[in-house]
Amino acid sequence: MPDAHPDHDMTAQSPAQHLYTGTTPAIRANPYLAQSMWQDWSEGAIHSAQDIYDTSGAMLWAKSQALDAELISRLVERDLRQPIELCVIAQDPVKEAELVDILQQLCASSPALDAAINPHRKAVIEVLQGLTLTPQELLLISLLRQRKREYLAHSVAVTAIALTIAVELELDRRLLFALAHAGLLHDVGRLYLPPEPAADEKESAYYQHPMVSALAAVELGKMTPEVGHLIACSHERLDGSGFPRQLQEDQIPPRARILLFAEAICRALLNPSLGLLRASVSARLVAREFDGHMTNWIGAIARSEQNQNPDRPMPVQASTIGRRLRQLHAQLGRAVVLLSLTIGESLTAREAAALWLQKKIAPLQYALRASGVEDALALGLHLEPEGAIEAAELEALLAEILHRLAHFARYVDWQRTEDEFLSSSTMARELLKILQSCASILHKESPSCP
Amino acid sequence: MPMIAWSNQFSVGVQEVDKQHQVLVGILNRLSSALDAQDKDFDSHKVIDEMVQYTVYHFGTEEHLMTQIGYAAKAQHVAEHQAFVHQVGEMVGQLTQGHGPSLEELLIFLRDWLISHILHSDRDLGDALNLAGVR
């Protein structure tokens, strides 16, 4: 196992093999991007904006011609004079005006997103309408839409949430545009990675995508380095637990904090079954993960929504929530004990790995303690929420911790394929078993722990 | 190899408490080694009794320190101690009568409880004691 494991740079261990970076002498089209241009789209949708040459000077395609399957296959085999993204345009690209339509459709189907952006809706729409997208930017986000409509919807939602926060924080209007470009492009890296990765490649592709998106935005989308930096930080966390570079708070500029926060809560806001409460709980779950202004902002919106519906029905029986919390408490306790037994004074690779795993688990256990379950157990009581609001909060807390544990379990599993020590570690195997057993807590009805 | 290797992660920042925790860890390690070695001459019940006695003494030390600084979470912390003493008493009683948990199961319970308690409740207490100037 590498010594630097706890803080290793994920971009260094598995570079995007097929991404054109603008610095390689041989410029071939990225095969997954080329596949998107052809398979995801109808014939004639992509045209050459100029004559396309290979490096030997042979013209592969003339200007203003629709690309076809034969050319696409040649593009990935020949060294090109210029990156293909700079030589083609989409015939029917996403237009700036469509972004507002997409946002309005999302708000209509996602009440939580609607409530979140409502205070600054006008300003957000003005920025979206005032955006001028470069042809390459239009191509990339159009390809993203063709790959999966949800990808573009997610990007628009992240952009709108980020702009709302930026307006709330009274950021200079000039600065909002960089944030908007970054929001729209923050996932275009997905186009350069396998659309349906094999199980063992899935995590690797996921952890690469922010950096690939940043490179694509700057080198192909003609964005400024600042926009690239915002995108590269879109999955970082202020406590150093994000990816791909595990940056610390002082390495993440204020506007990047807005984008990463918007990215983090977007899933909950877009999903009507999760909503504002889940977004607020996930924002507050781990101390110092996000900027306090932003956690307060989403917390205030969620509280206001709760106060408007004080008579909501109890989500599940109080005793069920209490039992699930106890089960989770027991499982996390087992994980912490397991890891503690591995850590000694001399920081060997084995201990470094355990310390790193513990660093990820400990905040979740602290979050669970905040629910009061531990105190209740200490006093010989069962934690049972008294009202529907408290029950909903505890349920959201439980679901968010389980969601993160499931994600962490996948990550540990992936790391076991990458890491010499973890691959043979009994401790890692035992930990995985514990984490995976947590997944059944929401569905298991018979109590299995004290 | 000891069952629990003492390390800084277990330190709560208060010398007296850390020392007592190390004694408890030492007793558990002794018990574990004897079980591993299948030492027939080893009086496990005597060592468990020693563990319980020392634990009660240690809890007394902690509770005295809590009173000294007016510790806000004293009630919960003391309740954890009481619940532990009650549960261990029941387990030892069952073990003596030949039913209930095995010696190995009791050992694992003691190990897990001690580690969890040190890492959470005692660490919180340690922070409060440090704030009050106790080290």
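Numbering of residues starts from 1 in each chain and follows the order in which that chain's sequence is written. Chains carry letters from A onward and ligands carry numbers from 1 onward, assigned in written order. Local features in this predicted model are restricted to residues whose pLDDT is 70 or higher, and side-chain atom pairs enter the listing and the counts only when it is 80 or higher, whereas totals over whole chains, interfaces and linings include all residues. Hydrogen atoms and water are omitted, and side-chain values are computed over all heavy atoms in the structure.

### Things to note about the overall build of chain A
The cut-off we apply is this: Helix and strand assignments come from DSSP, with helices taken as H or I runs of at least 4 residues and strands as E runs of at least 2, each series counted from the N terminus. What the globule rule says is 2.2 Å times the number of residues to the power 0.38, and the radius of gyration is computed from C-alpha atoms. Using a 1.4 Å probe on the protein chains alone, a residue whose accessible area is under 20% of its type maximum counts as buried, one over 50% counts as exposed, and one in between counts as partly exposed. Note on definitions: a residue-residue contact is assigned when non-hydrogen atoms from the two residues lie within 4.5 Å. Note on areas: Shrake-Rupley, 1.4 Å probe, and residue coverage restricted to the protein chains presented here. When charges are counted, neither His nor the chain ends are considered; positive counts come from Lys and Arg and negative counts from Asp and Glu. For charged residues, the charge sits on one atom: NZ in Lys, CZ in Arg, CG in Asp, CD in Glu.
Across its full length, chain A holds 20 helices and 4 strands. Relative to the 2.2 N^0.38 estimate, which gives 22 Å for 450 residues, the radius of gyration of chain A is 24 Å and therefore close to what a compact globule would have. C-alpha atoms of chain A, sized along the principal axes, occupy 80 × 55 × 40 Å. Split into buried and exposed, the 450 residues of chain A put 55% on the buried side. Of all intrachain contacts in chain A linking residues separated by at least 6 positions in sequence, the fraction that spans at least 24 positions is 74%. Element-wise, carbon and sulfur atoms account for 51% of the exposed surface of chain A, whose accessible area totals about 19000 Å². Here chain A contributes 41 positively and 55 negatively charged side chains, and the mean placements of these two sets differ by 2 Å.

### Some details on empty space enclosed by the protein
All names here are of chain B. Basically, it comes down to this: Throughout, the protein atoms alone are placed on a 1 Å grid, and a set of points is a cavity if a 1.4 Å probe fits but cannot get out or a pocket if it is open with protein on both sides within 12 Å along at least five of seven lines; lining residues have an atom within 4 Å of a point. Grid points are joined across faces, edges and corners, and a volume is the space filled by probe spheres set on the points. Just so you know the grouping, Ala, Val, Leu, Ile, Met, Phe, Trp, Tyr, Cys and Pro go in nonpolar, Asp, Glu, Lys and Arg go in charged, and all remaining residues, Gly too, go in polar.
Counted according to the given criterion, the structure contains 2 cavities of 30 Å³ or more. Estimated volume of the largest cavity: approximately 50 Å³. His 21, Leu 24, Met 51, Thr 55, His 58, Phe 59, Phe 84, Leu 110, Trp 113, Leu 114, His 117 and Asp 122 are the residues that line the largest cavity. Elements represented by at least two residues in the lining of the largest cavity include exactly α1 (15–37), α2 (44–69) and α4 (103–131). Element by element, the count of residues in the lining of the largest cavity is highest for α4, at 5 residues. Taken together, the residues of the lining of the largest cavity sort by class into 7 nonpolar, 4 polar and 1 charged.

### Here we look at the interface of chain B and chain A
What counts here: Defined here as a combined quantity, buried area equals the accessible surface (1.4 Å probe) lost by two parts on assembly, summed across both. The term salt bridge refers to a side-chain nitrogen of Lys or Arg lying within 4 Å of a carboxyl oxygen of Asp or Glu. As used in this structure description, the phrase polar contact means that two N or O atoms lie within 3.5 Å; if the pair is within protein, one of them must be able to donate a hydrogen and the other to accept it, and residues adjacent in sequence are counted only when both atoms belong to side chains.
Chain B puts 23 residues into the contact, and the matching count from chain A is 16 residues. Both sides of the chain B and chain A interface together cover about 1500 Å² of buried area, and 54% of this is carbon and sulfur. When the buried surface of chain B facing chain A is broken down by residue, Gln 9, Gln 76 and His 120 of chain B rank first, second and third, together holding 33% of it. The tally of links from chain B across to chain A stands at 1 salt bridge. With a shortest N-O distance of 2.8 Å, Asp 124 of chain B and Arg 369 of chain A are connected by a salt bridge. Here chain B and chain A share 3 residue pairs in polar contact (both at pLDDT 80 or more) between them. Mapped by element, the contributors of at least two residues to the side of chain B that touches chain A are α3 (74–96) and α4 of chain B. Classifying every residue of the side of chain B that touches chain A by side-chain character gives 11 nonpolar, 7 polar and 5 charged.

### Quick notes on the packing of aromatic side chains
Residues and elements named next belong to chain A. Applied cut-off: Paired rings are identified among Phe, Tyr and Trp, the last through its six-membered ring, by centres lying within 6.5 Å, and are further divided according to the angle between planes into stacked (under 30 degrees), edge-to-face (over 60) and tilted (the rest). We call a charge positioned over a ring when the NZ of a Lys or the CZ of an Arg lies within 6 Å of the ring centre and within 35 degrees of the ring normal.
Under the criterion given, the structure shown has 15 aromatic pairs over all chains. With a centroid separation of 5.3 Å and 75° between ring planes, the pair formed by Tyr 206 and Tyr 207 is classed as edge-to-face. Here the aromatic rings of Tyr 207 and Phe 243 are separated by 4.5 Å at their centres, their planes lie at 70°, and the arrangement is edge-to-face. In this pair, Tyr 207 sits in helix α10 (residues 199–220) while Phe 243 sits in the loop between α11 (225–232) and α12 (254–270), placing the two residues 36 residues apart along the sequence. The buried category is assigned to Tyr 207, whose relative accessible area is 5%. Between Arg 81 and the ring centre of Tyr 53, over which it is positioned, the NZ or CZ distance is 4.6 Å. Positioned over the ring face of Tyr 151 is Arg 190, at 4.7 Å from the centre of the ring.

### Focus: the nonpolar core
Selection criterion: By nonpolar core is meant a set of buried Ala, Val, Leu, Ile, Met, Phe, Trp, Tyr and Cys residues that side-chain atoms within 4.5 Å join together.
If you look at the biggest cluster of nonpolar residues, it comprises 96 residues, and the most contacted ones within it are Met 37, Leu 75, Ile 84 and Leu 269 of chain A. Looking at which element gives the most residues to this core, the answer is helix α8 (residues 149–168) of chain A, with 12 residues. Sequence-distant contacts of Leu 75 of chain A, defined by excluding residues within four places in its chain, comprise Arg 28, Ala 29, Ile 52, Leu 60, Leu 67, Leu 80 and Ile 84 of chain A. Membership of the second largest hydrophobic core comes to 87 residues, among which are Leu 328, Leu 357 and Ala 396 of chain A together with Leu 103 of chain B.

### Focus on helix α2 (residues 31–38) of chain A
All names here are of chain A. The following threshold applies: To be clear, the arc concerns the directions from the helix axis to the C-beta atoms.
Taken together, the buried positions of α2 are occupied by Leu 33, Ala 34, Ser 36 and Met 37. Summarising the axial view, the buried residues of α2 lie within an arc of 155°, below the 170-degree limit, and thus occupy one face. In the core, the buried residues of α2 are packed alongside β1 (46–48), α3 (69–75), β4 (88–90) and α7 (135–147). Residue Asn 30 occupies the N-cap position of α2, its side-chain oxygen lying 2.8 Å from the main-chain nitrogen of Tyr 32.

### Side note on the confidence of the model for chain A
All names here are of chain A. Just so we agree on the cut-off: The predictor's confidence in any single residue is recorded as pLDDT, a number from 0 to 100.
Model confidence for chain A is summarised by a mean pLDDT of 86, while 90% of its residues fall at 70 or above. Taken together, the stretch residues 1–25 has pLDDT below 50 and engages in 52 contacts with residues farther than four places along the chain or on a different chain. Taken as a whole, residues 446–450 scores under 50 in pLDDT and shows 9 contacts with residues more than four places along the chain or in a different chain.

### Some thoughts on the confidence of the model for chain B
Predicted coordinates in areas of low pLDDT are best not read in detail. Across chain B, the average pLDDT comes to 92, with 100% of residues at or above 70. Among the prediction metrics, the complex's ipTM stands at 0.80, with pTM recorded as 0.86.

### Digging into the environment of Ala 153 of chain A
Residues and elements named next belong to chain A. Mapped onto the fold, Ala 153 is located in helix α8. Judged by its relative accessible area of 16%, Ala 153 falls in the buried class. Once the C-alpha coordinates of Ala 153 and Ile 102 are considered, the two residues, 51 residues apart in sequence, prove to be 6.7 Å apart. What Ala 153 contacts, discounting residues up to four positions off in sequence, is Ile 102 and Leu 106.

### A closer look at the state of the cysteines
Rules: In plain terms, two cysteine sulfur atoms within 2.5 Å form what is called a disulfide here.
Taken as a whole, this structure holds 0 disulfides over all chains when the rule is applied. With no disulfide partner, Cys 266 of chain A has as its closest neighbouring cysteine sulfur the one in Cys 107 of chain A, 11 Å distant.

### Points about the environment of Met 223 of chain A
Residue and element names in this part refer to chain A. Note on placement: Met 223 falls in the loop between α10 and α11. Among the residues examined, Met 223 registers a relative accessible area of 10% and is labelled buried. Put simply, Met 223 and Glu 393 are 170 residues apart on the chain and 41 Å apart in space, counted from C-alpha to C-alpha. Residues in contact with Met 223, not counting those within four places in the same chain, are Thr 134, Glu 137, His 181, Leu 185, Ala 217 and Val 218.

### Observations regarding the environment of Gly 126 of chain B
Residues and elements named next belong to chain B. Tracing the backbone through its elements, the reader meets Gly 126 in helix α4. Between the C-alpha atom of Gly 126 and that of Gly 13, which follows or precedes it by 113 residues, the distance is 5.8 Å. Leave out the neighbours within four places in its chain, and Gly 126 touches Val 12 and Val 14.

### Some details on the packing of α2 of chain A against α7 of chain A
Residue and element names in this part refer to chain A. Stated formally: In this analysis an axis means a line fitted to C-alpha atoms, helices contributing only their contacting stretch, and an angle means the value between N-to-C directions, from 0 to 180 degrees. Under this scheme an angle from 65 to 115 degrees is roughly perpendicular, one under 35 degrees roughly parallel, and one over 145 degrees roughly antiparallel; angles in between are oblique.
Two elements in contact, α2 and α7, have axes whose closest approach is 9 Å; the angle formed by their N-to-C orientations is 75°. In terms of orientation, α2 lies roughly perpendicular with respect to α7. Mapping the contact onto sequence places Tyr 32, Leu 33, Ser 36 and Met 37 in α2 and Leu 139, Leu 140, Leu 143 and Arg 147 in α7. Per-class residue counts for the contact of α2 with α7 are 6 nonpolar, 1 polar and 1 charged.

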